Every structure is written in C-alpha cells, then in structure tokens.
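The lines below spell out each chain.
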Amino acid sequence: MARSSASSTPNVAVTGALVIGERQMRAGGVSIDPVSTLTLVRIVAGTAALLAVAAVLALAIGTVLRRSAIAVVAVIVAIVLPYFLAVGGVSFLPVGVANWLLRLTPAAAFAIQQPYPRYAQVDFSYTPSNGYYPLAPWAGFAVLCAWAAVALGLAAFLLRRRDV
C-alpha cells in the first residue's frame, strides 16, 4: 500500500515555517534564545500531542454531555480559561493560585512548551506569567492525559448504560 504524501505535508510546513521564520526574525534584529534540537522537537511534537489529546478530551466530553455547543464551551473553559488566568499577559491570580491551577487542570499540558529548565543557583521569578510552569513538561502533559482518560471512561460507561 502506497503512502500518501499528504500525511507528510504538515511536517514539511512546520519545518519550513520554523526555519524561514527564525531566519527572518534574526535578519530583523530579533534576539532568539538558543534551545537544543531535542528541546525544539519536544516543543513541536509535544504541542501536536497536546492538541490531539485535547481533541480526545473534547470528544469524550461531547459524548458525556450530548450537546455539542455545551461541550465546546466546557472544553474551552477547562483548558483555555485556566491558562489565560494563570499565564496571560496580565495574570489575574496570585502566583500560588496560578501554580495550583496549572497543576490540576488540563491547562497543565502547556508545560510541554516550556523551553528552559529551572536552575536553583539562578535568582529569577519562576512564575507562570514568565513562562515557567509548576510541573515538568511531561508531567503537565500527563495531567491532560489523565483528564482525557477519566472523561473517556465516563463516556464509555454512559454509552453502555444508555444503550441498554
């Protein structure tokens, strides 16, 4: 069976956008902090995985609620709202509350996009509004996966119960 070239098109597009975009930004005088290739791969692949698991969560919530508009609002409230409250340009929450919000809600998965580790010897404000998340990148992603697994389990249970 021959593979379609359409499946590799997004990978080529993302790679091209990264290479061309970085070159244009450097030419325009924008300072770009260096990150390792593995970190860049984690950020790109992790963001793709984040979006995929968020879609599964949305599908499960849609199955549970049985109303598409309510499900869309619920998923946005569960993922996007905590992120904007904790990380947004002007954080509306104290740092402690923002940290707990990014530990417990599906928005914890955005930690996968954190490019730099914390260093104990560096005196810096490691807060969500500065791009530092309270969980490690894969731990934050695991929180989203746990939410999706619980929602899928509930959806499967309710589907079997409704079909009886």
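It should be emphasised that the depicted structure is a prediction, and the values quoted were computed from it without experimental measurement.

A. Main features of the side chain of Gln114. Examined against the element boundaries, Gln114 turns out to sit in the loop between α4 (95-104) and α5 (137-163). Using a relative accessible area of 7% as the deciding quantity, one classes Gln114 as buried. Side-chain polar atoms of Gln114 contact the backbone oxygen of Tyr116, separated by 3.0 Å. Not counting the four nearest positions on each side in its chain, Gln114 is found in contact with Arg42, Gly131, Tyr132 and Tyr133.

B. Here's a closer look at the packing of aromatic side chains. The tally for this structure, following the rule as stated, stands at 6 aromatic pairs. Pairing Tyr83 with Phe84 gives two aromatic rings, centres 5.7 Å apart and planes at 70 degrees, and the pair type is edge-to-face. When the ring of Phe124 is compared with that of Tyr126, the centres are 5.5 Å apart and the planes differ by 70 degrees; the resulting orientation is edge-to-face. For Phe124, a relative accessible area of 43% puts it in the partly exposed group. For Tyr126, a relative accessible area of 16% corresponds to the buried category. In this structure an aromatic cluster arises from ring pairing among Tyr83, Phe84 and Phe110. One cation-aromatic arrangement involves Arg103 over Trp100; the distance from NZ or CZ to the ring centre is 4.7 Å.

C. Representation of the layout of surface pockets. Of the volumes computed, that of the largest pocket is approximately 350 Å³. Every residue lining the largest pocket is counted, 14 residues in all, and those nearest its centre are Glu22, Ile32, Asp33, Val35 and Leu40. With 7 residues, helix α1 (residues 9-27) is the largest single contributor of residues to the lining of the largest pocket. When its residues are assigned to classes, the lining of the largest pocket shows 9 nonpolar, 2 polar and 3 charged. A volume near 220 Å³ is recorded for the second largest pocket. Lining the second largest pocket are Leu57, Ile61, Val64, Leu65, Ala78, Thr105, Pro106, Ala146, Trp147, Val150, Ala151 and Leu154. Among the secondary structure elements, those contributing two or more residues to the lining of the second largest pocket are α2 (37-65) and α5.

D. The arrangement of the pattern of salt bridges in detail. Tallying each qualifying case throughout the model produces 1 salt bridge. In this structure, Glu22 engages Arg26 in a salt bridge whose closest nitrogen and oxygen atoms are separated by 2.8 Å. Of the two residues, Glu22 and Arg26 both sit in helix α1, 4 residues apart, roughly one turn of that helix.

E. Expanded view of a nonpolar patch on the surface. Together, Val14, Leu18, Val19, Ile20, Val35, Leu40 and Val44 make up an exposed nonpolar region whose accessible area comes to about 490 Å². The set of elements that each furnish at least two residues to the nonpolar patch consists of α1 and α2. The dominant element in the nonpolar patch, judged by the number of residues it contributes, is α1, at 4 residues. Take Leu18: it is sitting in helix α1. For Leu18, a relative accessible area of 37% puts it in the partly exposed group.

Cut-offs used in this document
Residues numbered from 1 in each chain as written. Predicted model: local features only at pLDDT ≥ 70, side-chain atom pairs only at ≥ 80, totals over all residues. Heavy atoms only, no water. Helix = DSSP H or I, 4+ residues; strand = E, 2+ residues; numbered from the N terminus. Buried < 20%, exposed > 50% of the residue type's maximum accessible area, 1.4 Å probe, protein only. Polar contact = N/O pair within 3.5 Å; in protein donor to acceptor, adjacent residues only side chain to side chain. Contact = heavy atoms within 4.5 Å. Phe/Tyr/Trp six-rings, centres within 6.5 Å; stacked < 30°, edge-to-face > 60°. Lys NZ or Arg CZ within 6 Å of the ring centre and 35° of its normal. 1 Å grid on protein atoms, 1.4 Å probe; cavity = no way out; pocket = protein on both sides within 12 Å on 5 of 7 lines; lining within 4 Å. Points joined across faces, edges and corners; volume = space filled by probe spheres on them. Nonpolar A, V, L, I, M, F, W, Y, C, P; charged D, E, K, R; others polar. Salt bridge = Lys/Arg side-chain N within 4 Å of Asp/Glu carboxyl O. Patch = residues over 30% accessible without salt bridge, like charges linked within 9 Å, V, L, I, M, F, W, Y side chains within 5 Å. Areas by Shrake-Rupley, 256 points an atom, 1.4 Å probe, with all protein chains shown as cover.

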